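The primary structure of each chain is shown beneath.
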Amino acid sequence: MTPYGGTNSRIAGILFAYFLIYIVWGSTYYFIGVALHGFPPFLLGALRFTTAGLILLAVCRYRNEPVFRKNLIKKSAISGIILLFIDMAVIMLAQQYLSSSLVAIIASSTAIWIMALDVPMWKKNFRNPAKITGVISGFLGVLLLYIEQINIAHQQQTHAEYGILLLIFGCISWSVGTLYTKYCSCTEEETNAFAGSAWQMLSAGTMFWLVSLFITRDIPDIHLHDIPTSAWLSLVYLILFGSILAYSAYIWLLKVRPATEVATHAYVNPFVAVFFGTTFGNEQVSWIQIAGLIIILLSVMLISKKVNSSST
């Protein structure tokens, strides 16, 4: 079997999917920040994933895909809660303390967590000391950013360090969900990849609704006429591009490419997020954050290079 399946259409599909998870996903950090100016975090997640899931499920049904399969729904629900609900809730909560640029920089360490938690691949991944060095240096990059946020928190009397802890938890959750999707959930036929994405988003959306209705109870405080147009447009962007296109592309890639390779979106996402944040959001990026980003990305590149070379 050739690396990309042997057909031009398959190659084009894979390249387009990588474009979506590299560029579009990188931009979503900025648009989440804009949307949060009008929507509470859990309501935003509920609206985003429920709408995207229903649209994608309708498309799959229109294409006569077998969407109502018990095993597919069950496994997709587990992936959706771990991948989408926990991680996206954490990202949105963290962006109440941190800029979208810094959130994306921390999130770039996801590939390192996937490497560290991919137990079935430990024997292959950790045969070379360079891989271990990459993991350790990546964690040091995250630690550098955490120390900076502690100092900022003490100086400005904020809770920025909590945002870092939330993001680390989110990275771990996303990594666990990715590996579960890779090894346990992606067992259906390839045509069910998008139906699985739909059920994942619907399960995440359900969790967001439950939290928004019964725990945070922020829906009664929402006045639709007070929500700025920019927040509505950002929500639409997140639904169509961030969820329906990019997330579905991510799930499909996990079926056809190695998980560590798919995780290389961590190379590009933070740069795209920093570009959007600094260009359109007037966010400031410190030299320490840039240093942390460089350390993390060099670590991820070192890990990915070694892993991919050993699997070819």
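Residues numbered from 1 in each chain as written. Predicted model: local features only at pLDDT ≥ 70, side-chain atom pairs only at ≥ 80, totals over all residues. Heavy atoms only, no water.

Q: Honestly, the overall build of the protein in this entry has me stumped. Any pointers?
A: For the protein, the helix and strand inventory stands at 13 helices and zero strands. Sequence-ordered secondary structure for the protein, helices as α and strands as β, is α-α-α-α-α-α-α-α-α-α-α-α-α. By residue count, 54% of the 312 residues in the protein fall in the buried class. Partitioning the intrachain contacts of the protein with sequence separation of at least 6 by distance along the chain shows that 87% fall at a separation of at least 24. Element-wise, carbon and sulfur atoms account for 68% of the exposed surface of the protein, whose accessible area totals about 14300 Å². (Helix = DSSP H or I, 4+ residues; strand = E, 2+ residues; numbered from the N terminus. Buried < 20%, exposed > 50% of the residue type's maximum accessible area, 1.4 Å probe, protein only. Contact = heavy atoms within 4.5 Å. Areas by Shrake-Rupley, 256 points an atom, 1.4 Å probe, with all protein chains shown as cover.)

Q: Quick question: what am I supposed to make of helix α12 (residues 265-280) here?
A: The periodicity of an α-helix, 3.6 residues per turn, causes residues three or four places apart in sequence to face the same way. A rise of 1.5 Å per residue sets the reference length of α12, with its 16 residues, at 22 Å; its end C-alpha atoms lie 22 Å apart and thus fit the reference within 8%. Along α12, the residues classified as buried are His 265, Ala 266, Asn 269, Pro 270, Val 272, Ala 273, Val 274, Phe 276 and Gly 277. Immediately downstream of α12, the backbone of Asn 282 shows phi near 55 degrees, a positive value. (Expected span 1.5 Å × (residues − 1).)

Q: Would you mind showing me how to read the packing of helix α3 (residues 70-94) against helix α9 (residues 193-214) here?
A: Angle between the axes and distance between the axes are the two parameters that describe a pair of packed helices. Remark: α3 packs on α9, axes separated minimally by 7 Å, with the N-to-C direction vectors making an angle of 55 degrees. Classified by the interaxial angle, the pair formed by α3 and α9 is oblique. Taken as a pair, α3 and α9 cross one another with a handedness that is right-handed. Counted by class, the contact of α3 with α9 contains 17 nonpolar, six polar and no charged residues. (Axes fitted to C-alpha atoms, helices over the stretch in contact; angles between N-to-C directions. Parallel < 35°, antiparallel > 145°, perpendicular 65-115°, else oblique. Left-handed = near helix turned anticlockwise from the far one by under 90°. Nonpolar A, V, L, I, M, F, W, Y, C, P; charged D, E, K, R; others polar.)

Q: Just to check I follow, could you spell out the packing of aromatic side chains for this structure?
A: Two numbers describe a pair of aromatic rings. These are the distance of the centres and the angle of the planes. A full pass over the atoms with the stated rule returns 20 aromatic pairs. When the centroid spacing of 5.6 Å and the interplanar angle of 70 degrees are considered together, the rings of Trp 25 and Trp 174 count as edge-to-face. A residue pair is termed long-range when its members are at least 10 positions apart, and Trp 25 in helix α1 (residues 8-35) and Trp 174 in helix α8 (residues 160-185) qualify at 149 residues. Of the two residues examined, Trp 25 and Trp 174, each falls in the buried class. Both rings, one in Trp 25 and one in Tyr 250, keep their centres 4.9 Å apart while their planes meet at 50 degrees; by these two values the pair is tilted. (Phe/Tyr/Trp six-rings, centres within 6.5 Å; stacked < 30°, edge-to-face > 60°.)

Q: Explain unusual backbone geometry here, please?
A: Most peptide bonds are trans, and most residues other than glycine sit at a negative phi. Residues other than glycine seldom take positive phi values, yet Asn 64 does so here, at roughly 60 degrees. Looking at the element boundaries, Asn 64 is found in the loop between α2 (41-62) and α3. Even without being a glycine, Arg 217 presents a positive backbone phi close to 50 degrees.

Q: Mind showing me how you'd approach the packing of α2 against α9 here?
A: Following both chains from N to C, one finds α2 and α9 inclined at 150 degrees, their axes separated by 7 Å at the closest point. Comparing their axes, α9 and α2 come out roughly antiparallel. The handedness of the crossing between α2 and α9 is left-handed. Tallied by class, residues from the contact of α2 with α9 come to 19 nonpolar, six polar and no charged.

Q: Honestly, the side chain of Ser 248 in this entry has me stumped. Any pointers?
A: Within the secondary structure, Ser 248 sits in helix α10 (residues 229-256). Once residues within four sequence positions are removed from consideration, Ser 248 is found in contact with Leu 56, Phe 194, Ser 197, Met 201 and Ser 243.

Q: What am I meant to see in a nonpolar patch on the surface here?
A: Where nonpolar side chains cluster on the molecular surface, the patch consists of Ile 55, Val 59, Val 236, Leu 240, Phe 241 and Leu 245 and spans about 440 Å² of accessible area. Elements represented by at least two residues in the nonpolar patch include exactly α2 and α10. Broken down by element, the residue count for the nonpolar patch peaks at four residues, all from α10. (Patch = residues over 30% accessible without salt bridge, like charges linked within 9 Å, V, L, I, M, F, W, Y side chains within 5 Å. Salt bridge = Lys/Arg side-chain N within 4 Å of Asp/Glu carboxyl O.)

Q: Please clarify how the nonpolar core should be interpreted in this entry.
A: Soluble globular proteins tend to pack their nonpolar side chains together in the buried interior. Ile 21, Leu 84, Leu 167, Phe 208, Tyr 247, Tyr 250 and Leu 253 are the most contacted members of the largest nonpolar core, which totals 84 residues. Per element, the largest residue contribution to this core is 15 residues, and it comes from α10. Apart from the residues lying within four places of it in its own chain, the contact partners of Leu 84 are Phe 49, Ser 79, Ala 89, Trp 174, Gln 200, Met 201, Ala 204, Phe 208 and Tyr 247. Residues Ala 111, Ile 114, Leu 179 and Ala 263 belong to the second largest nonpolar core, which totals five residues. (Core = buried A, V, L, I, M, F, W, Y, C linked by side-chain atoms within 4.5 Å.)

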